[in-house]
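Listed below, chain by chain, are the residues.
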Amino acid sequence: MYKLIGVFCILAGCAGWGNTKAAMEKERVRHLRTLFHILGQMRGEVSYGKHTLPEICLLLSELNDDRYKTCFSRIYEQTREENGGDFLKVWETEMGNCLEGLLLREDERETMTGLPKTLNFREEGGQSERIGLAEAFLEGRYRQAEETYENRSKMIRSVSILTGLLLAMILL
Amino acid sequence: MRQEEVLCLFPERVRDRWREVAACAEGLQEIRFRVGMPLSVWIENRERFVDEQGKIVDRPEKAARPVPEELEEVVKHLCRYSVYAFADEIRQGFLTVQGGHRIGLAGQVVLDGEGRIKNIKYIRYLNIRIAHQVRGAADPVIPHIFEEGRVMSTLLVSPPGGGKTTMLRDLIRQVSEGTAYGDGVNVSVVDERSEIAGSYLGVPQNDVGIRTDVLDGCPKAEGMMLLIRSMAPQVLAVDELGSIEDVQALQMAGGCGCRLLATVHGGSLEEIRHKNYMRYVMEKGLFERYVVLDRRTGVCQVTGIYDGEGKPCIN
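The structure contained in this document is the topic of the report that follows. (Residues numbered from 1 in each chain as written. Chains lettered and ligands numbered in written order. Predicted model: local features only at pLDDT ≥ 70, side-chain atom pairs only at ≥ 80, totals over all residues.)

**Remarks on the interface of chain A and chain B**
By a widely used convention, the size of an interface equals the accessible area lost when the partners come together. Rules: The contact criterion used here is simple: two residues whose C-beta atoms, placed from the backbone, lie within 7 Å are in contact. Comment: elements are numbered from the N terminus, with helices defined as DSSP H or I runs of at least four residues and strands as E runs of at least two. Each residue gets one label: Ala, Val, Leu, Ile, Met, Phe, Trp, Tyr, Cys and Pro are nonpolar, Asp, Glu, Lys and Arg are charged, and the others, such as Gly, are polar.
Each side of the interface is counted separately: chain A has 19 residues, and chain B has 16 residues. Mapped onto the side of chain A that touches chain B, the elements with two or more residues apiece are α2 (53-63) and α7 (124-171) of chain A. At 3 residues, α2(A) tops the list of elements feeding residues into the side of chain A that touches chain B. The residue inventory of the side of chain A that touches chain B, partitioned by class, reads 5 nonpolar, 6 polar and 8 charged.

**Considering the sheet that holds strand β5 (residues 94-97) of chain B**
Pairing between the strands of a sheet is mediated by backbone hydrogen bonds and can be parallel or antiparallel. Residues and elements named next belong to chain B. Operational definition: Paired strands, as defined in this entry, are two strands with at least two bridges between them according to DSSP. Axis geometry follows a simple rule: fit a line to the C-alpha atoms, using only the stretch in contact for helices, then measure angles between N-to-C directions, giving values from 0 to 180 degrees.
The sheet built from 7 strands is open, its strands ordered β4-β3-β2-β1-β7-β6-β5 with antiparallel pairing. Of all strands in the sheet, those with a lone pairing partner are β4 (56-57) and β5, marking the two edges. The pairing of strand β6 (residues 101-111) with strand β7 (residues 117-129) spans 9 bridges and is antiparallel. Each bridged residue has a counterpart across the sheet, and for Q108 the counterpart in β7 is K121. Helix-sheet contacts for helix α3 (residues 68-78) involve β1 (28-34), β5, β6 and β7, and the interaxial angle to β7 is about 95 degrees.

**Observations regarding helix α4 (residues 87-99) of chain A**
Residues that lie three or four places apart on an α-helix share one face, since the helix turns once every 3.6 residues. All names here are of chain A. Defined as follows: Residue count minus one, scaled by 1.5 Å, sets the expected span of a helix. For every residue, the other C-beta atoms within 10 Å of its own C-beta are counted; 20 or more classify it as buried, 12 or fewer as exposed, and values in between as partly exposed. C-beta atoms are placed from the backbone. As used here, the arc is the angular range of directions from the helix axis to the C-beta atoms.
The end-to-end C-alpha separation of α4 is 18 Å, in line with the 18 Å expected for 13 residues at 1.5 Å each. Residues of α4 that are buried: F87, V90, W91, E94, M95 and C98. Down the axis of α4, the buried side of the element spans an arc of 110 degrees, and every buried residue falls inside it. For α4, the secondary structure elements touched by its buried residues are α2, α3 (66-79), α5 (106-113) and α6 (115-118). Phi turns positive one or two residues past the end of α4, at G101, with a value near 85 degrees.

**Structural notes on the nonpolar core**
The line we're drawing: Note on terminology: a nonpolar core is a set of buried residues of type Ala, Val, Leu, Ile, Met, Phe, Trp, Tyr or Cys, with members joined through C-beta atoms within 7 Å.
In terms of nonpolar packing, the biggest core is built from 63 residues, with L39(A), L78(B), C79(B) and L126(B) touching the most fellow members. Per-element tally for this core: the top contributor is helix α1 (residues 2-49) of chain A, with 8 residues. What L78(B) contacts, discounting residues up to four positions off in sequence, is L9(B), L95(B), V97(B) and I103(B). L171(B), V189(B), L227(B) and A237(B) belong to the second-largest nonpolar core, a separate cluster that totals 49 residues.

**Describing the pairing of β1(B)**
Residue and element names in this part refer to chain B. Where β1 lies against strand β2 (residues 40-43), 4 bridges are found, and the strand directions are antiparallel. Note that in β2 the partner of L28 across the bridge is I43. From the end of β1 to the start of β2, which pair antiparallel, there are 5 residues, and G36 there has a positive phi angle of about 75 degrees. Pairing geometry for β1 and β7, over 5 bridges, is antiparallel. Note that in β7 the partner of F33 across the bridge is L126.

Quick look at the structure:
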């Protein structure tokens, strides 16, 4: 009886580990998708709405959930005229905090945190073009990550269950 | 006019330096930056200077001399790090910021292929004109622009800095809310330079009355027709007529039964009669009242009110 319970626990633990791993990959896909959507929204607001960057942050805080909502509303609050914060610095700090702990690669993180540095703040076409470049980069990473997730998630789950079985057999 | 509003014109990093100037917010009229030249402010019709520590001094020798980076930082802040969003305004040499304050810019002009102004680069001169909403500014005019309870089409005439926009803003507010001479009516405002209502995120920062609709940032000629079609105004208000297109749109608006409130640069009725497009307006009798304002004594005041034929109502 105890052996059976032990086998069950090992199998459940390994399956859980596999699921967690797969879920982490899924999270990465989700965040990459959100980020490139955010850049798409930004580009649209620059070229169509001709909103200022702090105003765009306000709109983005209304359009997005959880951590992104907080991040953009904080950027807006600090850079609005009343508070007068330097957009570059505020964006870098807040975006850095927002992306901290996420399963993103360094260059993906830098694309977002360093975005205002690549903008010239001057010309609408150039501005949206540069946002478009960052968007295309993250979209490429998103597609890649999605493909990887689809291929690897099944494999991770299978391997984790097989590992569990093997471990149980060894221990028995 | 609050101190905070003046401080908002500057990036957070340099705000401490502007506290003494901001303390004079009520009388503050202009802040002038010229690269390498003394930093000056106009307070209660008197030119003063600002030193490195932000103290107001009388002598230009003691004043701070701004460097190009300082100006660029201020411009970036005023444009909310989005110069592209103000490109059309910068092309015209100014931009209007939250609160309706107008920032005049000068530097090196970039032309497009057809010789038109495309941009201004190396912005080295800034003139921050502080807008003040003066409630009651239109009080001396109100009795003369109503006839049997209805407002008459009125043109305000004054040289730059003569108080046209301040008076127009208060006229709009009073006409919209109603006065002892007439009930409140629907007023539509084409606020091309965001100076009248000082809209921010589409919401007027100045009090323009309870029956006022504002079309912000729209060219006057297009805006007037759009508002007539969409908002059915009884009174249409625009600031600074400056072209034949504006006048043509105004004429069409007048033909639709709207009363008009407008302003134009000029020292006197004679002076504006010499402008081609204004002569046409005056001949057509588009306005029933002309109000001439001036600032000769340092205070904005009404120097004459004339009827549609140019005869004085008071003088």
